[in-house]
Amino acid sequence: MSISLSSLILLPIWINMAQIQQGGPDEKEKTTALKDLLSRIDLDELMKKDEPPLDFPDTLEGFEYAFNEKGQLRHIKTGEPFVFNYREDLHRWNQKRYEALGEIITKYVYELLEKDCNLKKISIPVDATESEPKSFIYMSEDALTNPQKLMVLIHGSGVVRAGQWARRLIINEDLDSGTQIPFIKRAVDEGYGVIVLNPNENYIEVEKPKIHVQSSSDSSDEPAEKRERKDKVSKETKKRRDFYEKYRNPQREKEMMQLYIRENGSPEEHAIYVWDHFIAKSAAENVFFVAHSYGGLAFVELMIQREADVKNKVTAVALTDSVHNVWHQEAGKTIREWMRENCCNWVSSSEPLDTSVESMLPDCPRVSADSPS
């Protein structure tokens, strides 16, 4: 467990205050002196020594990283892989830096989907007003018109977005390992239309509006002396709260609120929405799904909600480390039977590729992906 510099400095003071407050009236003078000392401590300055500003570049070049010809993320000057512990003993700062880099990589993958894979970005909901929150998916030009084959890709849960399988693999391995791009290119080469879902883009974040509390003196008929006393207590309470907040959140990160996207507020909702407005309307006789991790659960939920339509249109489903559970999701017998015939779940295993792997749930075959966990 690491202890910050400011905590070490303030800890004895807080202990002394607690001890003094347990004493009698003769300790009031000491309490006042300590409170005065605390009020003059500049916590911002203390925390700056603890943690640098959370101010990170907004481009790969700013981070001094780039993807090389093998799709590996490397430092521009040293050629070294990404280093998470850029600053020792500053885990929160390092994590924030990692997240900032991840956001840049998400945009970079979007660019690759459009430029290298020739996919189109399609806004949803399809009838969204200009002011409401929106998400998007990616589709090939022939996704809805290809009469023969359509490939649908669904990633898992977490920070990943359209076109990604795993951010960690993109950063630490390469683009081929962590993105859906190899799947998309091969599908296009083999004559498939392609739709790439974006099931984790469920809301937009906006800054919380500041709540202004009306002073009691503005709306009370209380005697002036009583109002002054209450206002003084209110100001002291606010001062203590601000003091604590200054320590808890020294860099004044904005407080955000989430505005959910209509009919796309969860991965399950998103899968059903894209099915209803795009996949179900496609011309393809054969639809194929590739679903990773939580994407498998979203597909099973889609089957539960649209069983007849899915059976009529979907030819096969490739699951990878799917976390679906036909019993918890209450998938009926007919769905379980269809999955046994039309689905296969490739799971992490040290066994050779495609070796059968036992499962407690007889919902669909499980075979080795030839990749140890």
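Structure: see above.
None of the values given here were measured: they were computed from a predicted structure.

A.B. asks: Help me get a handle on the overall build of the protein, residues and values and all.
C.D. replies: Looking only at helices and strands, the protein features 13 helices and 12 strands. Here the protein holds 373 residues, and the buried ones make up 41% of them. For the protein, the proportion of contacts with a sequence separation of at least 24, taken over those separated by at least 6, is 67%. Accessible area of the protein: about 22,000 Å², with a carbon and sulfur share of 50%.

A.B. asks: Any details on the packing of aromatic side chains? Residues and values, ideally.
C.D. replies: Within this structure, the stated rule accounts for 15 aromatic pairs. Summarising the aromatic geometry, the rings of Phe82 and Tyr98 are spaced 6.0 Å apart at their centres and angled 50 degrees between planes, so their arrangement reads as tilted. Here Tyr98 lies in helix α5 (residues 91–115) and Phe82 lies in the loop between β2 (73–75) and α5, a separation of 16 residues in the sequence. Centroid distance Phe84 to Tyr98: 5.7 Å. Interplanar angle 65 degrees. Geometry classified as edge-to-face.

A.B. asks: Account for the side chain of Asn94, naming residues and giving values.
C.D. replies: Summarising the element assignment, Asn94 is placed in helix α5. Among the polar contacts made by the side chain of Asn94, one reaches the main-chain carbonyl oxygen of Arg87 at a distance of 2.8 Å. Excluding residues within four positions of it along the chain, Asn94 makes contact with Phe84, Asn85, Tyr86 and Arg87.

A.B. asks: Report on the environment of Ile137, specifying residues and quantitative values.
C.D. replies: Along the chain, Ile137 turns up in strand β4 (residues 135–139). Spatially, the C-alpha atom of Ile137 lies 8.2 Å from that of Lys120, the residues being 17 residues apart in sequence. In contact with Ile137, not counting residues within four places along its chain, are Lys120, Lys121, Ile122, Ile124, Ile195, Val196, Leu197, Asn198, His270, Val274 and Phe278.

A.B. asks: How would you sum up the sheet that holds strand β3 (residues 120–124)? Please name residues and give values.
C.D. replies: With mixed pairing, the 8 strands of this open sheet are ordered in space as β3-β4-β6-β5-β9-β10-β11-β12. Each edge of the sheet is formed by a strand with only one pairing partner; in this case those strands are β3 and β12 (366–368). Averaged over all pairs of adjacent strands, the angle between their axes in this sheet comes to 20 degrees, without regard to strand direction. Pairing analysis gives 4 bridges linking strand β5 (residues 149–154) to strand β6 (residues 193–196), with the strands arranged parallel. Each residue of the ladder has a partner; that of Val152, found in β6, is Ile195. Set on the sheet, helix α13 (residues 333–342) makes contact with β10 (314–320) and β11 (343–347); between it and β11 the angle comes to about 65 degrees.

A.B. asks: Tell me what's going on with the pattern of salt bridges, and back it up with residues and numbers.
C.D. replies: Inspection of every chain in the model, using the stated rule, returns 10 salt bridges. Here Lys120 makes a salt bridge to Glu141, at a shortest N to O gap of 3.8 Å. Separated by 21 residues along the polypeptide, Lys120 in strand β3 and Glu141 in the loop between β4 and β5 bring together distant segments of the chain. A salt bridge links Arg262 to Asp127, with the shortest nitrogen-to-oxygen separation between them at 3.1 Å. Separated by 135 residues along the polypeptide, Arg262 in the loop between β8 (256–260) and α10 (267–277) and Asp127 in the loop between β3 and β4 bring together distant segments of the chain. The class for Arg262 is partly exposed, based on a relative accessible area of 30%. Using a relative accessible area of 51% as the deciding quantity, one classes Asp127 as exposed. Connected through shared salt-bridge partners, Asp127, Glu132, Arg262 and Glu263 make up one network.

A.B. asks: Which residues make up the side chain of His155, and what values do they have?
C.D. replies: Its location among the elements puts His155 in the loop between β5 and α6 (167–172). Taking relative accessible area as the criterion, His155 reaches 1% and is therefore assigned buried. For His155, the contacting residues outside a window of four places in its chain are Val160, Arg161, Ala162, Gln164, Trp165, Gln180, Leu197, Asn198, Pro199, Asn200, His292 and Gly295.

What counts, and where the lines are drawn
Residues numbered from 1 in each chain as written. Predicted model: local features only at pLDDT ≥ 70, side-chain atom pairs only at ≥ 80, totals over all residues. Heavy atoms only, no water. Helix = DSSP H or I, 4+ residues; strand = E, 2+ residues; numbered from the N terminus. Buried < 20%, exposed > 50% of the residue type's maximum accessible area, 1.4 Å probe, protein only. Contact = heavy atoms within 4.5 Å. Areas by Shrake-Rupley, 256 points an atom, 1.4 Å probe, with all protein chains shown as cover. Phe/Tyr/Trp six-rings, centres within 6.5 Å; stacked < 30°, edge-to-face > 60°. Polar contact = N/O pair within 3.5 Å; in protein donor to acceptor, adjacent residues only side chain to side chain. Pairing = 2+ DSSP bridges. Axes fitted to C-alpha atoms, helices over the stretch in contact; angles between N-to-C directions. Salt bridge = Lys/Arg side-chain N within 4 Å of Asp/Glu carboxyl O.

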